[in-house]
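Here is what each chain is made of, one letter per residue.
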Amino acid sequence: MDFEKDTCSICGKYTDITAKVLNERETLYCMECQDKELKRMLDNFNQIKFYCIKCGSSNVTKSDPKTGISLTDIPNAIYANALITCKDCDHRFFVNMEDHGKIN
Ligand SMILES: [Zn+2]
Ligand SMILES: [Zn+2]
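So, a few notes on the structure that sits alongside this text. All values derive from a computational prediction rather than experimental measurement.

Criteria and cut-off values
- Residues numbered from 1 in each chain as written.
- Chains lettered and ligands numbered in written order.
- Predicted model: local features only at pLDDT ≥ 70, side-chain atom pairs only at ≥ 80, totals over all residues.
- Pairing = 2+ DSSP bridges.
- Helix = DSSP H or I, 4+ residues; strand = E, 2+ residues; numbered from the N terminus.
- Contact = placed C-beta atoms within 7 Å.
- Buried ≥ 20, exposed ≤ 12 C-beta atoms within 10 Å, placed from the backbone.
- Axes fitted to C-alpha atoms, helices over the stretch in contact; angles between N-to-C directions.

**Notes on the pairing of strand S6 (residues 92-98)**
Thought 1: Inspection of the sheet shows strand S5 (residues 77-86) paired to S6 by seven bridges, in the antiparallel sense. Within the sheet, the bridge partner assigned to Ala 82 lies in S6 and is Val 95.
Thought 2: Counting the residues between successive antiparallel strands, the hairpin from S5 to S6 contains five residues, one of them, Asp 90, with a positive phi of roughly 65°.

**Thoughts on the environment of Cys 86**
Thought 1: The residue Cys 86 is located in strand S5 in this model.
Thought 2: Distance from Cys 86 to Ile 17, taken between C-alpha atoms, is 40 Å for residues 69 residues apart in sequence.
Thought 3: Apart from residues no more than four positions distant in its own chain, Cys 86 is found in contact with Cys 52, Lys 54, Cys 55, Ser 57, Asn 59, Val 60 and His 91.

**Here we look at unusual backbone geometry**
Thought 1: For Asp 64, which is not glycine, the phi torsion reads 50° and is therefore positive.
Thought 2: Structurally, Asp 64 is set in strand S4 (residues 60-70).
Thought 3: C-beta crowding within 10 Å serves as the criterion here: with 7 such atoms nearby, Asp 64 is assigned to the exposed category.
Thought 4: The phi dihedral of Asp 90 is positive, around 65°, even though this residue is not glycine.
Thought 5: Mapping Asp 90 onto the fold places it in the loop between S5 and S6.

**Considering the sheet that holds strand S3 (residues 26-30)**
Thought 1: Pairing is antiparallel in the open sheet, where three strands are placed in the order S1-S2-S3. Edge strands, defined here as strands with exactly one partner in the open sheet, are strand S1 (4-7) and S3. Neighbour-to-neighbour, the strand axes of the sheet open up by a mean angle of 60°, direction not taken into account.
Thought 2: Relative to strand S2 (residues 14-22), S1 runs antiparallel, the two being bridged by four bridges. In the sheet register, Thr 7 faces S2, and the bridge partner there is Tyr 14.

**Quick look at the sheet that holds S6**
Thought 1: Read across the open sheet, the three strands follow the order S4-S5-S6; overall the sheet is antiparallel. Taken across any chain shown, the strands that pair with only one partner, and hence form the sheet edges, are S4 and S6. When strand polarity is set aside, the average angle formed by the axes of neighbouring strands in this sheet is 15°.
Thought 2: Here nine bridges tie S4 to S5, and the two strands are oriented antiparallel to one another. Paired with Lys 62 across the two strands is Ile 84, which belongs to S5.
Thought 3: Each of S4, S5 and S6 touches helix H1 (residues 31-47); the most contacted strand, S4, lies at about 155° to it.

In structure tokens, the structure reads:
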């Protein structure tokens, strides 16, 4: 993959930019800051308590939670997703949260 050099919006280093994400405005991330941001959001995402939307049970498990940067949308957005399985009714749900940035 080809990275263009620019100034990372987070650490201020002039380095390879691996992602551009729209937050308040366009935010440029270097590899290190991108990894940190995705890890932090994954930690926060893992704190979220989900309920089954079919039967309302809180007896659910979250599997394969991950964060990433969606490269298909323009502008790119950070997302977190996971598969939720209800142990009471055996239904599965895919949840996807996308960062749409601050309200202007
Ligand atoms: Zn950086
Ligand atoms: Zn259920």
